[in-house]
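Listed below, chain by chain, are the residues.
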Amino acid sequence: MNTGYFQYAAPANEPVLSYAPGSPERAALKKQLAAFKAEVADIPMYIGGKEVRTGNTVDLRPPHEIKHKLGHFHQGDASHVKAAIAAALEAREKWANMDWETRAGIFLRAADLIATKYRFHMNAATMLGQSKNAYQAEIDSACELIDFLRYNVHFLSEIYRQQPVSAPLTHNRVEYRPLEGFVLAVTPFNFSAIAGNLPTSAAMCGNVVVWKPANTQVFAANMFMKIMIEAGLPEGVINLVYAGGPLIGDICFADPHFAGIHFTGSTGVFQTMWKTIGENIHKYKTYPRIVGETGGKDFVVIHKSADVDTSVTALARGAFEYQGQKCSAASRAYIPSNLADQIKSKLVAELKTMKMGTTEDFSNFINAVIDERSFDKIAQYIDNAKNDPKAKIIAGGNYNKSEGYFVEPTVIETTDPNYVTMCEEIFGPVLTIYVYDGEKFEDVLQTVDSTSEYALTGAIIAQDRYAVELATRKLVNSAGNFYINDKPTGAVVGQQPFGGARASGTNDKAGSMLNLYRWLSARSIKETFVPATDYRYPFLKEA
Ligand SMILES: NC(=O)c1ccc[n+]([C@@H]2O[C@H](COP(=O)([O-])OP(=O)(O)OC[C@H]3O[C@@H](n4cnc5c(N)ncnc54)[C@H](O)[C@@H]3O)[C@@H](O)[C@H]2O)c1
Ligand SMILES: N[C@@H](CCC=O)C(=O)O
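Here the structure is a predicted model, which is why all the values come from computation and not from measurement. (Residues numbered from 1 in each chain as written. Chains lettered and ligands numbered in written order. Predicted model: local features only at pLDDT ≥ 70, side-chain atom pairs only at ≥ 80, totals over all residues.)

J.: I'm lost on the sheet that holds strand β1 (residues 41-43) in this one. Help?
T.: Within a sheet, adjacent strands bond to each other through the backbone by hydrogen bonds, running parallel or antiparallel. Spatial strand order, β1-β5-β4: three strands in an open sheet with mixed pairing. Each edge of the sheet is formed by a strand with only one pairing partner; in this case those strands are β1 and β4 (57-60). Looking at each pair of strands side by side, their axes are set apart by 20 degrees on average, direction ignored. Pairing of β4 with strand β5 (residues 71-74), which is carried by four bridges, proceeds in the antiparallel orientation. When the sheet's bridge partners are listed, Val-58 is paired in β5 with Phe-73. Helix α7 (residues 218-230) contacts β1, β4 and β5 of the sheet and is inclined by roughly 70 degrees relative to β1. (Pairing = 2+ DSSP bridges. Helix = DSSP H or I, 4+ residues; strand = E, 2+ residues; numbered from the N terminus. Axes fitted to C-alpha atoms, helices over the stretch in contact; angles between N-to-C directions. Contact = placed C-beta atoms within 7 Å.)

Pasting the structure below:
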């Protein structure tokens, strides 16, 4: 029963804790890290509200300490994917009909639980499972995840409030229905916040969800699922399954009740999904929504008027925080000839101060890359650069996987603006720089725009406002998130809605109203209070 009209004001962003030496949060986080390391977690799937264990287990190990076993998860097969779809469809009607304020309360409660009781659980799980340092975990698995949950409740209440006008003697209204079927959420390894947001943003809109996380993010995904259940998420609304991506895709995309995919990950996987959906299009009850945020080849263009320290910091942080494994990470930089020597020598000096090691040692800025496959791929790019006359390694270049997947922060300088590492996404701690003639700024902007298929994030560093204006205009289609005198990473929910176009995705801006619209199917209802009783127009009548 609805007894009022409920709105949710815009929240403030969750404050970022410092974890400085001596702080209570540092002590609490260290305690939780030790607790997780002292046990071996046995992680089930969650289907229809039940924990499902298959005995077919996959081990989870910290990427920075591969000899340590954190736990294992139970891998499912086709029968589990089908059971997850069935459980979702079973839950659909009750969930879709739940009063909005009751639904909202579940997600707000989850946000509050993460902000308080489980903050260090989420952060420690992300630090160990995905090799993020304390600060990077805090901005992801605590703050951004909390912000997604709270802001989406606010945005959805704003959407529900939007209603059409009504002509005299009638009343019009729009219902924002959930989609008719289930939504598949397929999530990446690199952000626990994204992994949590993809299933919950669709579910918040009244949809039921099958959620498949990346294997390398399961440790934190399991923690989040437990929090959602404690927050009151009814059974079957989100079903968390672990099975191979292609298997899940094959089953879900062939199901007539498939109503949408909420994906974040690589461009190649998304394009394969889109093709499969296209091939099955005649099978579906309703046209599915296809939302995907994908790869990037994010740039920093430095103008001859730039401040050197601003430029160096934008590169050091933008390219190497979380080992460059952010879709937004700076991976190609264009440096003007007049500042090249200063910027390069300061950047190289800064990188030498970055300590690399485990996440449990809080003095490390750099930790490990996510897995062996990624390590080998990054090492191959570095080796190729070592042997290519067009490229020179000016910082880093070493790697070692004996204890964990460690790759030094590496800078490649190239004389070719189309060198392979200026064009392809590497997804690791590798930045390629190209020094251009500082007097040919407009030409370099053209190069930036045309070098890569991606258009996710980018930055211009300049003190000259004409240069800022020119870059903003010329690069209008080169990035969905564009930064002026800042690094191209670190979008904050509610402040910089996030997403890119071209090969970087459908640009449905996670953490904004634009994204939520994709999970709603509006129904317009007109009621006529004084209906017509004669078909004849007045002018047809005799005088
Ligand atoms: N644009 C963004 O907002 C954004 C954010 C984070 C990451 N990313 C991108 O994600 C990538 C890194 O993440 P990743 O390594 O987890 O990506 P990935 O594409 O390898 O995996 C993403 C998800 O897709 C699943 N998957 C893999 N192959 C599949 C298939 N054939 N069918 C169905 N599912 C499949 C994976 O198991 C995982 O759950 C990078 O390309 C990065 O740029 C983009
Ligand atoms: N919100 C993050 C993007 C995450 C991509 O992996 C950022 O803006 O850096």
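J.: Help me understand the UniProt feature "active site" (unreviewed entry) in the protein chain in this model?
T.: Mapped onto the present numbering, the UniProt feature "active site" (unreviewed entry) falls on Glu-293. Tracing the backbone shows Glu-293 in strand β11 (residues 289-293). In this structure Glu-293 comes out as buried when scored by C-beta crowding, with 27 C-beta atoms within 10 Å. Ignoring sequence-local partners within four residues, the contact set of Glu-293 consists of Thr-264, Gly-499, Gly-505 and Ala-510. (UniProt positions renumbered as here; feature names shortened; annotations may be inferred. Buried ≥ 20, exposed ≤ 12 C-beta atoms within 10 Å, placed from the backbone.)

J.: Which parts of the structure should I look at to understand the site of ligand 1?
T.: Around ligand 1 sit 30 residues in total, of which Gly-245, Gly-265, Ser-266, Glu-293 and Cys-327 are the nearest. Listed by contribution, the elements that provide at least two residues to the shell around ligand 1 are α8 (245-253) and α9 (267-279). In terms of residue count, the dominant contributor to the shell around ligand 1 is α8 (four residues). Its residues placed into classes, the shell around ligand 1 shows 13 nonpolar, 14 polar and three charged. (Near = placed C-beta within 6 Å. Nonpolar A, V, L, I, M, F, W, Y, C, P; charged D, E, K, R; others polar.)

J.: In this structure, what is going on with the site of ligand 2? I would like to understand it.
T.: Contacts to ligand 2 come from Asn-190, Phe-191, Lys-326, Cys-327, Ser-328, Thr-489, Gly-490, Ala-491 and Phe-498. The residue makeup of the shell around ligand 2, split by class, is four nonpolar, four polar and one charged.

J.: Help me understand helix α6 (residues 192-204), please; the structure alone is not making it clear to me.
T.: Taking 1.5 Å of rise per residue, the 13 residues of α6 would be expected to cover 18 Å, and the 18 Å separating its terminal C-alpha atoms lies within 8% of that figure. Leu-198 marks the point of greatest bend in α6, at about 25 degrees, and the proline Pro-199 comes within the next four residues. Counted residue by residue, α6 has 13 buried out of 13 residues, so it is predominantly covered. Among the residues trailing α6, Gly-206 stands out with phi positive, at a value near 100 degrees. (Expected span 1.5 Å × (residues − 1). Bend = angle between axes of the 7 residues up to and from the residue.)

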